[in-house]
Amino acid sequence: MSPSLRGARQFVAVAAVAGLALTMAACGSDEGDSGSDEQITLKVSTFGTFGYDALYKEYEASHPNVKIVESNEGDLGKYTNALTQRIAAGSGAGDVVAIEEGAIIQFLQAPDKFVNFQDEGFNDIKDNWLEWKNVQATTADGKATIGLGTDVGGLAMCYRTDLFKAAGLPTDREEVSKLWPTWDDYIATGEKFLKGAKGDTKFVDSATNTYNSILMQYAGEAPGYTYFDQSNNLTFDSNPAVKNAWDTTNKVLAAGLSANLKSFTTEWNAAFKQDKFATIACPAWMTANIKGQAGADGEGKWDIATIPGGSGSWGGSFLAVPTQSKHQEAAVELAKFLSSPEGQMSAFDEAGNLPSSPKNFENPALADFKNEYFSDAPVAEIFVEGAKNLKPVFLGAKNQAVRDAIENDLRSVEQGQRSSDEGWQQAIKSAKAAAGV
Amino acid sequence: MSDTTIPVTPARTRSPWRSRLSRWDQKGSPYAFVSPFFILFGIFGAFPLLYTFWVSLHAWPLLGEHSFTGLDNYQKLLQDPQFWNAAKNTLGIFVVSTVPQFTLALWLAVTLNRKIRARTLFRIGVIIPNVTSVAAVTLIFGMIFAKGFGLVNWMLGWVGVAAIDWTAHTWSSWLAISFMVDWRWTGYNALIFLAAMQAIPGDLYEAAAIDGASRTRQFWSVTLPLLRPTLIFTTITSIIGGVQLFTEPLLFAPGAGAIQGGTLRQFQTLTMYLIENGFTRFEFGYAGAVAAMIFLLVLIISLINIWLVRRISGAD
């Protein structure tokens, strides 16, 4: 054997040993199970902004054996996909995981993968949350509750006072709210706005944001579900709430009110600074988004009015504990702490997420809170009234897939690639493909 | 690696045991040396491949029950207009990007093969786009081709062309995506062509020059025929890359529903359709069938290529 070959062989042997050592190190890093005084690390997985930093510190101070590590993902779709895979794979999910309203239904398909809070004293504290919020996180047979509510996405309409003024419309939030009791009034107001507006400013940012808000409103009134009924049958073309929401949105488009932006893209983000639109459907969590995108320049230019068509909600999240967690007991305790009325209040202070606990609604810290950025708008008054009276809207297990598919078809109408009717026919096909029927 | 500890000192007087060991060594060692690749391929290549096929024979939602359905997924797939649309887009974008890419790469290679100043610098330069992150490249190109504030529309504005909504039409989206692909891969192919060109003996050119052939004539009659095997190789690698095209179209129109590749699915590629089925619809069985079809497609095109290679070398 030549010396060089011997060298190569030694290299292979060393590499093999090193690889083995690395693999073993990776496997060995997990800690053992938790005794009460043992040091444990709880992993919390969140998306977007949950505002829990202060709460983590407080919890760690009162539980010296617990260390909390949060992993955060900005993109909800990506987050939900990764979480779904980890739940299905049986490992890799956090000890406490945040789940969005639209995604929790999918996890309710596999309730055995999550701790059932009803076995953990949930029934004694369920008054901590709005009733419809609890219903959303409970299986159809009522036997398992897998999520504890965090925030709700009460609906309002955010608008630009400076652009309204320039177009000759009133700017006071009470008067603006009176402009649009219904969506038809909103469209009429938009037409007036376009006549007075300068440049290429449009009235509303996009078809999809408007559509989603309207859909949640209409579905809340009747029949209480959107694309799937409670038995998970696709009801896309038979549910009048869906068709009405589609038609109303198309009236907005036909009136030329939309700036044709795709939500949550760089162009959409840039449009906040470029005066491209004057109003945007505004679930509570959207206010943080507007503030982030419009930045310091936008301060005092924005205000919040009521949404046409009465109350509604879009979005809002839950905390769950996967049964794959090695520290279930501790994780349940932490989830309860974070989602308690006090915890929700702390998150509101830090991130502005609207609490889902009715116990907070009378709390002066919330009730009297004025959002400086939005011309001192009384946030609670606007959002809470809507959230209180809501009926739960059932979202099917494949809600997200159908929503993604038909939003695309709606955008094709918005961009003038299809007529409203062609778009609707295509949406029926897309919904079926996405639902797999 | 059981045999790595065997001492292999060349002994003058060999015991039978030693010589037997040595024989094993001679026979077995080559296999041991190549085995890491095959073991890794088995774990990360063959097993997932077979498992994907197994999954594709099932109704396999990510959360919930799996049931064996035989070839149902394939039957459904063949009648699925969204699948054929994705196949059309994939092949279309491949053609639109590859033809200019190879032309440009050949031109670059010819230029770099000449005696020009700072040749090494330029040769390094053409490969730089290839080592940048594809995601970063795509995000920047996404901004360049943006409707509202994009660089391209701004420049088109100088010559009085109205702003184009690049993501909205089939032709414009294919063109923009092809730009991104070409930006990354032209230099890479140019370097491969360059390497092949340098292997062409210089006396062929000298002879051609003596015969009075112009530079252009030399390119067509000497360079190009001798580059044929290299061209076939780059075509195959481009096909494999092209059929797997994913990041560029995905990030071209980011945000919700990006996986559908535009409002009319006008730039959804096969791999995007695969991911849509797997990770938006959570139908792993159906996604597995799409994966198998992609595999089949690559196989068919590669076989056509091998056939072409045989024909060409036979003609020589």
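If you're wondering where the values come from, they're calculated on a predicted model, not measured in any experiment.

This brings us to a nonpolar patch on the surface. All names here are of chain B. A cluster of nonpolar side chains, namely Leu49, Leu50, Phe295, Leu296, Leu299, Ile300, Leu303, Ile304, Ile306, Trp307 and Leu308, defines an oily patch on the protein surface of about 1100 Å² accessible area. Taken together, the elements giving at least two residues each to the nonpolar patch come down to α1 (16-55) and α12 (284-315). Here the nonpolar patch gets 9 residues from one element, more than from any other, and that element is α12. Summarising the element assignment, Phe295 is placed in helix α12.

Residue and element names in this part refer to chain B. If you walk through the whole model with that rule in mind, you get 11 salt bridges over all chains. The partner of Glu276 in a salt bridge is Arg265, and the shortest N-O contact between them spans 3.0 Å. Separated by 11 residues along the polypeptide, Glu276 in helix α11 (residues 270-280) and Arg265 in the loop between α10 (247-252) and α11 bring together distant segments of the chain. Residues Glu276 and Arg265 agree in their burial class; the two are buried.

We now examine the interface of chain A and chain B. Many structure descriptions define interface size as the accessible area lost when the parts assemble. Of the residues lining the interface, 38 residues belong to chain A; the matching set on chain B comes to 35 residues. Carbon and sulfur atoms supply 57% of the area that chain A and chain B bury against each other, a total of about 3100 Å² over both sides. For the interface between chain A and chain B, the tally reads 1 salt bridge. In this structure, Glu283(B) engages Lys398(A) in a salt bridge whose closest nitrogen and oxygen atoms are separated by 2.5 Å. Every element with two or more residues in the side of chain A that touches chain B is listed here: α1 (3-28), α3 (76-89), α4 (101-107), α12 (266-273), α19 (399-414) and α20 (420-435) of chain A. In terms of residue count, the dominant contributor to the side of chain A that touches chain B is α19(A) (8 residues). Looking at the side of chain A that touches chain B residue by residue, the class counts come to 14 nonpolar, 14 polar and 10 charged.

Two pairing modes exist for strands in a sheet, parallel and antiparallel, and in both the strands are linked by backbone hydrogen bonds. All names here are of chain A. A sheet is described by the order of its strands in space; here 4 strands give the open sequence β6-β7-β5-β8, paired in mixed fashion. With partners counted over all chains shown, the strands left at the sheet margins are β6 (202-204) and β8 (302-305), one partner each. Geometrically, the sheet is characterised by an average inter-axis angle of 20° between neighbouring strands, direction not taken into account. Of the pairings in the sheet, the one linking strand β5 (residues 155-160) to β8 comprises 4 bridges and is antiparallel in character. Looking at β8, one finds that Met157 is bridged to Ala305. Contacts from helix α13 (residues 284-294) reach β5, β7 (277-283) and β8, with the element oriented near 140° to β7.

In this section: the environment of Cys158(A). Residues and elements named next belong to chain A. One can find Cys158 in strand β5. Spatially, the C-alpha atom of Cys158 lies 16 Å from that of Asp297, the residues being 139 residues apart in sequence. Ignoring anything within four residues of it in the chain, the contact list for Cys158 reads Ala278, Thr279, Ile280, Cys282, Thr287, Ile290, Trp302, Asp303, Ile304 and Phe374.

For any two helices packed against each other, one specifies the crossing angle of their axes together with the interaxial distance. Residues and elements named next belong to chain A. Helix α15 (residues 341-351) packs onto helix α2 (residues 53-62) with a crossing angle of 135° between their chain directions and a minimal axis gap of 8 Å. Classed by the angle they form, the pair α2 and α15 counts as oblique. Seen from α2, the contacting residues are Asp53, Ala54 and Leu55; seen from α15, they are Gly343, Ser346 and Glu350. For the contact of α2 with α15, the class distribution of residues is 2 nonpolar, 2 polar and 2 charged.

In this section: the UniProt feature "transmembrane region" (unreviewed entry) in chain B. All names here are of chain B. The UniProt feature table records "transmembrane region" (unreviewed entry) at residues 31-54, 91-112, 124-146, 226-246 and 284-308. Structurally, residues 31-54 comprises 100% helix and 0% strand, and the distance from its first C-alpha atom to its last is 30 Å. Across residues 124-146, the secondary structure splits into 83% helix and 0% strand, with the terminal C-alpha atoms separated by 30 Å.

Thresholds applied
Residues numbered from 1 in each chain as written. Chains lettered and ligands numbered in written order. Predicted model: local features only at pLDDT ≥ 70, side-chain atom pairs only at ≥ 80, totals over all residues. Heavy atoms only, no water. Patch = residues over 30% accessible without salt bridge, like charges linked within 9 Å, V, L, I, M, F, W, Y side chains within 5 Å. Areas by Shrake-Rupley, 256 points an atom, 1.4 Å probe, with all protein chains shown as cover. Salt bridge = Lys/Arg side-chain N within 4 Å of Asp/Glu carboxyl O. Helix = DSSP H or I, 4+ residues; strand = E, 2+ residues; numbered from the N terminus. Buried < 20%, exposed > 50% of the residue type's maximum accessible area, 1.4 Å probe, protein only. Contact = heavy atoms within 4.5 Å. Buried area = accessible area lost by both parts, 1.4 Å probe. Nonpolar A, V, L, I, M, F, W, Y, C, P; charged D, E, K, R; others polar. Pairing = 2+ DSSP bridges. Axes fitted to C-alpha atoms, helices over the stretch in contact; angles between N-to-C directions. Parallel < 35°, antiparallel > 145°, perpendicular 65-115°, else oblique. UniProt positions renumbered as here; feature names shortened; annotations may be inferred.

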